[in-house]
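# Secondary and tertiary structure notes
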Amino acid sequence: MATDKCTLIPEQLFDSQDAFISHVKHFALENGFNVRLDDVERDKGGSIRKRDIVCSSEGAPRGKESSSKREDSVCRSDIEDSEPMTPTKTSGLTHSGAHRRKSMKTGCRWLARASRQSSGMWKMIML
């Protein structure tokens, strides 16, 4: 039994932004990669008028200098047992960095971009 393959084509139309996102995620899944929502462009009223979806591996991998200690997060091993943790009691604690995963960023440049048309439909404008 043959199943239809999900395709993406330039100028393809979608009923809504959600339909565009769902279709692109389905396409990525069928083709063995993951995607994430990226940049949006908004109109004067604050509504989204353009949406980018990129490969989840898009971007540059973290360098060795950025894998050093972070000061904006707290690791369980950094908290002393004698000092109870409260929402306001996080100052002075740093992240140990011991459980950092290797970056999955490979610089992939796959991108799907759609814009909202005056009709309310979403049109694929870049692939």
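The present account deals with the structure reproduced in this document. (Residues numbered from 1 in each chain as written. Predicted model: local features only at pLDDT ≥ 70, side-chain atom pairs only at ≥ 80, totals over all residues. Heavy atoms only, no water.)

Right, let's get into the sheet that holds strand β5 (residues 122-126). Reading across from one edge, β1-β5-β4-β3-β2 is the order of the five strands in this open sheet, with antiparallel pairing throughout. Two strands close off the open sheet at either side, each with one partner strand: β1 (13-14) and β2 (35-42). Bridging between strand β4 (residues 111-116) and β5 involves four bridges; their strand directions are antiparallel. Bridge pairing in β5 places R116 opposite W122. In the packing of helix α1 (residues 17-30) onto the sheet, contacts are made with β1, β2, β3 (48-55), β4 and β5, and the angle to β3 comes to roughly 10°. (Pairing = 2+ DSSP bridges. Helix = DSSP H or I, 4+ residues; strand = E, 2+ residues; numbered from the N terminus. Contact = heavy atoms within 4.5 Å. Axes fitted to C-alpha atoms, helices over the stretch in contact; angles between N-to-C directions.)

This part is about the nonpolar core. Counting 15 residues, the largest nonpolar core has L8, F14, F20, V24, I53 and M124 as its most contacted members. Secondary-structure elements contributing two or more residues to this core are α1, β3, β4 and β5. Once residues within four sequence positions are removed from consideration, L8 is found in contact with F14, H23, V24, F27, W110, M124 and L127. (Core = buried A, V, L, I, M, F, W, Y, C linked by side-chain atoms within 4.5 Å. Buried < 20%, exposed > 50% of the residue type's maximum accessible area, 1.4 Å probe, protein only.)

Residues other than glycine seldom take positive phi values, yet E11 does so here, at roughly 70°. Turning to its location among the elements, E11 is positioned in the segment before β1.

Let us now look at the pattern of salt bridges. Counted under the stated rule, the structure contains five salt bridges. The partner of R49 in a salt bridge is E41, and the shortest N-O contact between them spans 2.3 Å. With relative accessibility at 32%, the residue R49 sits in the partly exposed group. K50 is paired through a salt bridge with E41; the nearest N and O atoms lie 4.0 Å apart. Under the relative-accessibility criterion, K50 is labelled partly exposed at 24%. A single salt-bridge network, built from bridges that share partners, covers E41, R49 and K50. (Salt bridge = Lys/Arg side-chain N within 4 Å of Asp/Glu carboxyl O.)

With six of its eight residues buried, β3 lies for the most part within the structure. Of the strand pairs in this sheet, β2 and β3 are connected by six bridges, and their pairing is antiparallel. Bridge assignment links R42 to a residue of β3, and that residue is I48. Counting the residues in the hairpin turn of β2 and β3 gives five residues, including G46, whose phi is positive at 95°. Pairing of β3 with β4 involves five bridges; the strand directions are antiparallel. The residue of β4 that forms the bridge with D52 is R113.

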